[in-house]
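Results of the structural survey
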Amino acid sequence: MPDATGLELLAQELREKDPDSVVDTLHFRGKAALSVAPGAIRGVLQALREHGYTFMASLHGVDYYPDEPRLGVQYELLDMQRVDRITVKLRVPTDAPEVDSVTPDWPTADHQERELYDMFGVVFRGHPDLRRILMPEDYEGYPQRRDFPVGGEPVLFTYNEQRYGGGV
Amino acid sequence: MSEIDARPQLSEYRRREQSITLDSLDTDIQPVDPHRELLTLNFGPHHPATHGVLRLLVHLDGEVVLDVKPIIGYVHTGIEKTAEDKSYWKVIPVVERMDYLAYYFNALAYIGAVETLLEVDVPPRAQYLRVIHLELNRIMSHLVWLGTSALDLGAISMFWFCFREREKILDLFEFSSGQRMHTRYFQVGGVIEDIPPGFTDKLRAFVREMPSRADQYGDMLNRNEIVLQRLRQTCALDGDTLLSLGVTGPLLRAAGVAWDLRKAAPYCSYEHFDFKVPVGTVGDNYDRYAVRLAEIYESVKIIAQALDGLPEGPYITDDRKVALPPRHELATSMESLIHHFKLVTEGFRVPPGEFYYPIEGPRGELACFLRSDGSSKPARVHVRDPSFVNLQAFAHMVRGSYIADMIATLAMLDPILGGIDR
Amino acid sequence: MEIKRERLEPPRGESAPARPVRGDDLAIRRVDAVQMLRGAPIEGLTPAREHDDLTDEDLERHVTERVLTTTLDKAVAWARGNSFFPATFGLACCAIEMMSIVASRVDVARFGFEAFRASPRQADLLILSGRVSIKMAPVVRRIYDQMLEPKWAISMGACCSSMGVFNNYALVPADKFMPVDVHVPGCPPRPEALMHGILKLRKMVLDDPDMGWRERYEARGTEEVVGEDAARDNAVNVFDPRA
């Protein structure tokens, strides 16, 4: 993990490249995180890749309801040579949930961005095949959002066991 | 699909079933040759060879696979949503049921994230007990993989041999926690109960005989003509492509990339143990099989070392705000009673924050992303499942090979649909 | 064989009501537990069968009419019950325990059920092992439809029997879309428990050799409704969200 000073230097470098990209830095429990503006994500990830973070471990989403902007997308990057991890976070509001897809640069993001679209409704511009992946194709609603109900069903049973006897 | 719409008497659910189109299937075939017979075959979701309910749309030219499109979601259980509804303790059994062959690993990924947010220390005895159970689970997962993969290849009797060993491991799990699968043995701060007397003897007996059993499996399969012909030089994929696809675990190690989180970023006192990490050379199916078989031996070594060095001490943290006080204290100490009450009714509260805790599961990097908003229920539990990401490599591995190779590759990929679909 | 049954009557007197008031279910009955397990009909709990009210000559005629067919039926039922062909249908964690019953410790082959058929057309027992998600439910139903009668279904585990650990938007209980004969509880049920469930089903089959599950479970009207069939008044389309 880059320590706090390393993180600040990294953030400064990124700001030099693109002043609006890095919104915030956070060093929590020994892990570094960068908050970036949604429009600058591809550039930031590319810059981090040049820094050595060549492996994208995970791409996941969070719903920060009721804080706005609600939907967060997080990218976990890993530098295998130095065993370093860094998180890149961005947030988009629900009325304009669009982010550039990083799949052309990072093929591992393919299914994971589809899962984000399915569960949160974040639309990735430029994704080769943005369809629902876990829910049925024509499902309505984004289940992982916090205002989506957990759901559940009352349970029915086929009442036939008493009629046909018990015991082995 | 206009001819489908022209038949109005098709019922709604049949129409929904056929709603998946092939428009986005990416192939680079030129439609010129009239003698070429291209067939799109639907594999699954119910098929004897799929490991779980995986549906594959296979674009075939004769017997050669041109493209494969996996369709998942058939066992999506909304576990992450359910976990947001339950207090932190109660999430453990829910999260365990994701990757259903690596339940201790699922639990550890989640519990590790919770412990990091809580800044709670795990006593060394608990860490060693955790390592013992994790490595037993790794062996068990590889045994099930080996049995079912050999079944796919046609070596049917391997299934019974592997499950015979699996029963011994499940006996050990039942001994320590009372349940064979989904044991809920790991808790926040340690393990739920100390191991009973007799467990170490039984475990030692298992450790003594497991390497010879693994030798038997090797004897049967390693130089078997059919296994060699089916697995050697089939569906290889190089390390760089695998890394760009996010693949980790035995698949990556088979391609020659020596990356194992137990060695690179040790957690849970793995740094105390001396073990090797098997790495393959070519990255074909045979290497994937050999790497997993070798991992069984290494796990046995780790268990033996953990057993020899098992420290004395508490099996769960002393922090009463996180772990239940021992029952004999409830009769004498008012504080313990209050702690017990608070923990059992509401559960502990975790300070707000987010954390991503990765561990090395049997299939790759298993990680849990946990977001806490300060209440007694997690705000977001996301598990980065290795099979979900590894599945993306399947199409790359299989293009240009035969159907039989595709089945063998699917077996060697070791996908667990519970983890993929969550 | 005398079935000993005692019923605690309300005390007879002016204050006693003429018949038990609403709350029949509150009446305490002491029933011989062993007899209940053996499947003896229990007054008030088991629906009456057609021969329950026959007396004397009618009963004799009923019995003689059926003695030949009953023996043949029993023989066929014996053959059917001892040779289930389970369909390989593993969905999630319970599938691993189902694989365990094929393994050597709890060996299902000693009962004659080791021939797991991959094709539903050749199978007659569907062991639904695992959680049924909403995407999978039509597929399961289709496979169940493809099986030839007589066919039975065992719902293994808590998730398909009763939503289990996860009662949420993504799961469907199996009884919602197909009739289930035996529910095996557990998460996952031990292989011995699943074996017990299969043997219970075997006992059911041996006892009552009816063919046609729609008659057995009074499920007339649950056929798939397509187009003009929707006009039928007793038809229930379980897949149509508008219905």
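Cut-offs applied
- Residues numbered from 1 in each chain as written.
- Chains lettered and ligands numbered in written order.
- Predicted model: local features only at pLDDT ≥ 70, side-chain atom pairs only at ≥ 80, totals over all residues.
- pLDDT = per-residue confidence, 0-100.
- Contact = placed C-beta atoms within 7 Å.
- Helix = DSSP H or I, 4+ residues; strand = E, 2+ residues; numbered from the N terminus.
- Nonpolar A, V, L, I, M, F, W, Y, C, P; charged D, E, K, R; others polar.
- Buried ≥ 20, exposed ≤ 12 C-beta atoms within 10 Å, placed from the backbone.
- Expected span 1.5 Å × (residues − 1).

**Focus: the confidence of the model for chain C**
Residue and element names in this part refer to chain C. Residues of chain C with pLDDT of at least 70 account for 57%, and the chain-wide mean is 72. Note on residues 1-7: pLDDT under 50 across the span, and 8 contacts to partners over four residues away in sequence or across chains. Between residues 9-32, whose pLDDT stays under 50, and residues either more than four places distant or in other chains, the model counts 13 contacts. Across the interface, the model reports ipTM at 0.88; the global pTM reads 0.82.

**Topic: the interface of chain B and chain C**
Of the residues lining the interface, 33 residues belong to chain B; the matching set on chain C comes to 36 residues. The set of elements that each furnish at least two residues to the side of chain B that touches chain C consists of helix H2 (12-17), helix H3 (79-83), helix H4 (88-96) and helix H7 (157-177) of chain B. No other element matches the 4 residues that H7(B) contributes to the side of chain B that touches chain C. Of the residues that constitute the side of chain B that touches chain C, the class distribution is 16 nonpolar, 10 polar and 7 charged.

**Observations regarding the environment of B:Gly239**
Residue and element names in this part refer to chain B. Locating glycine 239 in the fold gives a position in helix H10 (residues 239-244). For glycine 239, a count of 18 C-beta atoms within 10 Å puts it in the partly exposed group. It is 11 Å that separates the C-alpha atoms of glycine 239 and tryptophan 259, two residues lying 20 residues apart in sequence. Setting aside residues up to four positions removed in sequence, glycine 239 forms contacts with Leu252, Ala255, Gly256, Val257 and Gly283.

**Some thoughts on helix H5 (residues 103-118) of chain B**
All names here are of chain B. A rise of 1.5 Å per residue sets the reference length of H5, with its 16 residues, at 22 Å; its end C-alpha atoms lie 22 Å apart and thus fit the reference within 8%. By the criterion of burial, H5 is predominantly enclosed, with 15 of the 16 residues buried. Phi turns positive one or two residues past the end of H5, at glutamate 119, with a value near 55°.

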